[in-house]
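# Chains, contacts and geometry: an overview
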Amino acid sequence: MIFFLPINGPLLRMILKSLDVPLPIGEFYFFGICILMFVIGGFMTFTPKLRLRI
């Protein structure tokens, strides 16, 4: 979850660029994706585990 903090956006872009991974989206969309991944990670971290009841 800490990896996807919005402040790490430039770091993620540098990592992807050094790995030669094309990133066809702009800064604003990338920032939105980082926030979305952060919220999803927080939701998965702080919700109780789901159990399969058979």
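The notes below deal with the structure included here. Within every chain, residues take consecutive numbers counted from 1 along the sequence as written. Under the rules for a predicted model, residues below a pLDDT of 70 receive no local features and side-chain atom pairs below 80 are neither given nor counted, while totals for whole chains, interfaces and linings still include all residues. Side-chain metrics in this entry use all non-hydrogen atoms of the structure; hydrogen atoms and water are not considered.

### Regarding a nonpolar patch on the surface
Two joining distances apply to patches: 9 Å for like charges and 5 Å for nonpolar side chains (Val, Leu, Ile, Met, Phe, Trp, Tyr), and every residue must have over 30% relative accessible area and no salt bridge. Computed by Shrake-Rupley with a 1.4 Å probe, the accessible areas treat only the displayed protein chains as cover when residues are assessed. Take a side-chain nitrogen of Lys or Arg and a carboxyl oxygen of Asp or Glu: if they are within 4 Å of each other, that pair is a salt bridge. Residues Leu11, Met14, Ile15, Leu19 and Val21 make up a contiguous nonpolar surface patch of roughly 450 Å² in combined accessible area. Only runs of H or I of at least four residues qualify as helices and only runs of E of at least two qualify as strands under DSSP, and these elements are numbered from the N terminus. With respect to the helices, strands and loops of the structure, isoleucine 15 is situated in helix α1 (residues 9-18).

### Quick notes on the packing of α1 against helix α2 (residues 27-46)
Where α1 contacts α2, the axes come no closer than 10 Å and their chain directions differ by 110 degrees. Relative to α2, α1 is oriented roughly perpendicular. Along the contact surface, α1 presents Gly9, Leu12, Arg13 and Leu16, while α2 presents Glu27, Phe30 and Cys34. All residues other than Ala, Val, Leu, Ile, Met, Phe, Trp, Tyr, Cys, Pro, Asp, Glu, Lys and Arg, Gly among them, are scored as polar; the first ten of these are nonpolar and the last four charged. Among the residues forming the contact of α1 with α2, the class breakdown is four nonpolar, one polar and two charged. Here, axes are lines fitted to C-alpha atoms. For helices the fit covers the stretch in contact, and angles between N-to-C directions go from 0 to 180 degrees. Note that the term roughly parallel is reserved for angles under 35 degrees, roughly antiparallel for angles over 145, roughly perpendicular for angles of 65 to 115, and oblique for everything else. Contact definition: two residues touch when any of their heavy atoms are within 4.5 Å.

### What to know about the packing of aromatic side chains
Any Phe, Tyr or Trp ring, taking Trp's six-membered ring, that has another such ring centre within 6.5 Å forms a pair; planes under 30 degrees apart are called stacked, those over 60 apart edge-to-face, and the others tilted. What the rule picks out here adds up to one aromatic pair. Centroid distance phenylalanine 28 to tyrosine 29: 6.1 Å. Interplanar angle 70 degrees. Geometry classified as edge-to-face. For every residue, the accessible area (1.4 Å probe, protein chains only) is compared with the maximum for its type, and the residue is labelled buried under 20%, exposed over 50%, or partly exposed between those bounds. Its relative accessible area of 66% is what places phenylalanine 28 among the exposed residues.

These values are about where atoms sit, not about what they do.
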